[in-house]
Amino acid sequence: NAKELGEYNVVIYEQKLRDEYLQEVNIENLLRRAIERGEIYLNYQPQVHLKSGKIVGAEALIRWNSKEIGMVYPNKFIPIAENTDMIIPIGKWVLEEACKNLSLWREKYNKDITIAVNISPVQFKKSDMYKTIKETLQKYALPGHCLEIEITEGVLIDNIYDIQKQLKSIRDLGVKIAMDDFGTGYSSLSYLRRFNFDKVKIDREFVQDYPEKEDGTLAEIIINLSHSLKLKVIAEGVETEEQLQFMSQNSCDEVQGYFYSPPVSKEEFEKMIEKGIFIN
Ligand code: C2E
Ligand code: MG
Ligand code: MG
Ligand code: MG
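What you are looking at is a predicted structure, and each value in this text was computed from that prediction instead of being measured.

(A) Region of the structure containing the packing of helix H3 (residues 87-109) against helix H5 (residues 129-139). Packing of H3 against H5 brings their axes to within 10 Å, and their N-to-C directions diverge by 30°. One element, H3, and the other, H5, form an angle in the roughly parallel class. Between H3 and H5 lies a crossing of right-handed hand. Side by side, H3 and H5 meet where Lys92, Leu95, Glu96 and Cys99 of the first sit next to Thr132, Ile133, Thr136 and Lys139 of the second. Across the contact of H3 with H5, the residue classes tally to three nonpolar, two polar and three charged.

The structure is reproduced here in structure tokens:
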């Protein structure tokens, strides 16, 4: 009867919650040791200047290949790392690893390569990102302008004034600041004006639906808006020639996506630099 069925559903629901919880706890415990066990590494996805078709840099993207549970993608473990503050040491490791390689490449190939690193809102709230960035740049003798940090709108929602201060001092180091996943959060327009960003990343949602589900209007609006605020624009998730053409016709500055390259290992990225497909 209905009552029994209701109870049955509750049991199933509770079981599901428990399974999810156990899975999270398991991932959390494995993640705790992932760095020291060498299971975490970075892949690099080229960012291409549209007018010249040349690579100007890359976004560093974290990867975790667990000995116990195999590949785990960031959308799965970054939220867990954020909830447990493990994102602080993980984020530090990411920044350090990216800067270490960037400095090697810049010296070896004598090119003005830039690397973009994703920074979680939790890192801003619970650690001194200005100090971390400053010390890491110093350690690897890097000029600020070759590092870009990507932040999402989420970072700006609470404690706006403190974040604003942190971002300003980070920017004074010469570091570039990009707004990631633009258009998917809240209050994007006022934030764009209030904070001094250098670059806007159009979320892949607005890129990928073109031309099947969307006529590109939103992407076009974001490009024009950014340009009128004197910001550079990069389109994420460009997969097809058609999408590339669209971005080109609408004067988008840069693109990133499977059309040019998926995120690749540091060795593969180094080969791309070697081939001389860089802008300078
Ligand atoms: P994101 O910063 O927006 O990164 C772009 C994501 O889109 C990456 O997923 C990338 O692999 C994927 N992508 C790039 N081009 C294409 C394409 O043409 N088509 C499709 N379908 N996807 C494409 P990934 O590497 O799984 O990362 C997911 C998210 O995890 C990132 O989104 C970022 O928010 C977060 N993340 C990654 N690495 C880090 C990190 O080191 N620290 C922090 N805090 N977050 C990170
Ligand atoms: Mg990003
Ligand atoms: Mg993004
Ligand atoms: Mg995204």
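(B) Focus on the pairing of strand E1 (residues 40-49). Counting buried positions over the ten residues of E1 gives eight, a clear majority of the element. The pairing of E1 with strand E2 (residues 54-66) spans ten bridges and is antiparallel. Note that in E2 the partner of His49 across the bridge is Lys54. Taken together, E1 and the strand that follows it, E2, pair antiparallel across an intervening segment of four residues, in which Gly53 is found at a positive phi of about 70°.

(C) Expanded view of the site of ligand 1. Around ligand 1 lies a shell of 23 residues, among which Arg63, Asp180, Arg204, Glu239 and Tyr258 are the nearest. Within the side chain of Glu59, an N or O atom sits 3.0 Å from an oxygen atom of ligand 1. Residue Ile62 places a main-chain N or O atom 3.1 Å away from a nitrogen atom belonging to ligand 1. Per-element tally for the shell around ligand 1: the top contributor is E2, with four residues.

Rules of the game
- Residues numbered from 1 in each chain as written.
- Chains lettered and ligands numbered in written order.
- Predicted model: local features only at pLDDT ≥ 70, side-chain atom pairs only at ≥ 80, totals over all residues.
- Heavy atoms only, no water.
- Axes fitted to C-alpha atoms, helices over the stretch in contact; angles between N-to-C directions.
- Helix = DSSP H or I, 4+ residues; strand = E, 2+ residues; numbered from the N terminus.
- Parallel < 35°, antiparallel > 145°, perpendicular 65-115°, else oblique.
- Left-handed = near helix turned anticlockwise from the far one by under 90°.
- Contact = heavy atoms within 4.5 Å.
- Nonpolar A, V, L, I, M, F, W, Y, C, P; charged D, E, K, R; others polar.
- Buried < 20%, exposed > 50% of the residue type's maximum accessible area, 1.4 Å probe, protein only.
- Pairing = 2+ DSSP bridges.
- Near = heavy atom within 4 Å.
- Polar contact = N/O pair within 3.5 Å; in protein donor to acceptor, adjacent residues only side chain to side chain.

Interpretation in functional terms is not warranted from these geometric data alone.
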